[in-house]
Amino acid sequence: MDYIRIANIEHPLFRAMHDLMKDVFPPEEVLEYSLWKEPLEDPGIRVFVAVHEGKVVGTTEYRYYNDFQVAMTDFTIIGQAGLGIGRFLARKRWEDLQALAEASGRPMLGMFAEIYDPYQIENHAFGGVKPMDPYVRREVLSHLGYKRLAFSYVHPSWENNGEAVEGLDLCFLPTDEERAGVPAPLVVEFLTRYYEVLANKPAKWNEMIEELKRRDTVALLPI
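All values reported here derive from a predicted model rather than from experimental measurement.

Asker: I would appreciate a short explanation of the packing of aromatic side chains in the present structure.
Answerer: How two aromatic rings sit relative to each other is given by the distance of their centres and the angle of their planes. Counting across every chain of the model gives 16 aromatic pairs. For the pair Y65 and F190, a centre-to-centre distance of 5.7 Å together with 85 degrees between the ring planes defines the contact as edge-to-face. Here F190 lies in helix α5 (residues 184-194) and Y65 lies in strand β3 (residues 55-65), a separation of 125 residues in the sequence. Comparing Y65 with F190 shows no difference in burial state: the two are buried.

Right, here's the structure in full:
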């Protein structure tokens, strides 16, 4: 299996990657095809596909913030069961992030990820791919070491229509397994930068940010 970076919209594998996203994720989670041009050309955004026998069978997008010393996994898609795609993507991504942190001269504190809460949502089929089932994914991410940040989370829709997307938790994979919380200012700064590309912020998102600003720390809880 090959781990191949896609850095422009003209890449011959990008269409297959985007089609895989549309097959698996609900519409509000998928950026429109043409709007990918600038993100793909951003050197800080890293988009890779897993290619097996010439076919795109998985993909992941992530980024590393040197000033925050944290990473963010935007998404991970497993397109087929029985190939070890999830483990392959997780291992390759972690190796890449460790190299980026080492190059920055400061250690990585951990990695954020948005995780669907299947106990809140029941209607996402995720393309019928069983490894993408929210119950399965949540347990896998728990095994990897992710923990839930203790606040009620929403995010702006990637359709940029001002709607709030609910039914997810914001989680964090600390490099120090004994870490009990994350500084609230770091969470606020991270979310503000991460979603600055979306101009239409829902009221619920703004209220969430204001509530976080009144905290010192956000606890990490099991998922």
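Having seen the model, we can carry on.
Asker: Looking at this structure, how should I read the pairing of strand β11 (residues 217-221)?
Answerer: Residues in a regular strand project their side chains so that they alternate between the two faces of the sheet. Burial along β11 is one-sided: the residues V218 and L220 are buried and none of T217, A219 and L221 is. Across 2 bridges, strand β6 (residues 147-149) lies against β11 in antiparallel orientation. From the neighbouring strand, L149 faces β11, where its bridge partner is L220. Where strand β10 (residues 181-183) meets β11, 3 bridges bridge the pair, whose relative direction is antiparallel. Opposite G181, over in β11, you have A219 as the bridge partner.

Asker: Just to check I follow, could you spell out the sheet that holds β6 for this structure?
Answerer: The strands that make up a sheet pair up through hydrogen bonds in the backbone, lying either parallel or antiparallel. Strand order across the open sheet formed by 9 strands is β1-β2-β3-β4-β5-β9-β6-β11-β10, with mixed pairing between neighbours. Only two strands of the sheet have a single neighbouring strand rather than two, namely β1 (2-5) and β10. The mean angle between the axes of side-by-side strands here comes to 30 degrees, regardless of whether they run parallel or antiparallel. Sitting on the sheet, helix α1 (residues 14-24) is in contact with β2 (45-52), β3 and β4 (70-78), with an inclination near 90 degrees to β3. Set on the sheet, helix α3 (residues 85-104) makes contact with β1, β2, β3, β4, β5 (110-116) and β9 (168-174); between it and β3 the angle comes to about 30 degrees.

Asker: Sorry, what's going on with unusual backbone geometry here?
Answerer: Keep in mind that most residues, glycine aside, have a negative phi and that most peptide bonds are trans. Phi at E53 takes a positive value of approximately 55 degrees, unusual for a residue other than glycine. Residue placement: E53 occurs in the loop between β2 and β3. Residue class for E53 comes out exposed when judged on its relative accessible area of 74%. Look at Q69: it is not a glycine, yet its phi comes out positive at around 60 degrees. Relative to the elements of secondary structure, Q69 occurs in the loop between β3 and β4.

Conventions and cut-offs
The residue numbering used here restarts from 1 in each chain and proceeds along that chain's sequence as written. Predicted model: local features are reported for residues with pLDDT of at least 70 only, side-chain atom pairs are reported and counted for 80 or more only, and whole-chain, interface and lining totals are derived from all residues. The side-chain values count all of the structure's non-hydrogen atoms but skip hydrogen atoms and water molecules. Any two rings among Phe, Tyr and Trp, with Trp reduced to its six-membered ring, count as a pair given centres within 6.5 Å; such a pair is stacked if its planes are under 30 degrees apart, edge-to-face if over 60, and tilted if neither. Secondary structure elements follow DSSP: runs of H or I no shorter than four residues count as helices, runs of E no shorter than two count as strands, and numbering proceeds from the N terminus. Exposed residues in this analysis have more than 50% of their type's maximum accessible area, buried residues have under 20%, and partly exposed residues fall in between, with area computed by a 1.4 Å probe over protein chains only. Only strands joined by at least two bridges in the DSSP assignment are considered to pair. Think of each axis as a best-fit line through the C-alpha atoms, taken over the contacting stretch in the case of a helix, with angles from 0 to 180 degrees between the N-to-C directions. Throughout, a residue-residue contact means that at least one pair of heavy atoms, one from each residue, lies within 4.5 Å.

Limitation: the analysis is restricted to geometry and does not speak to function.
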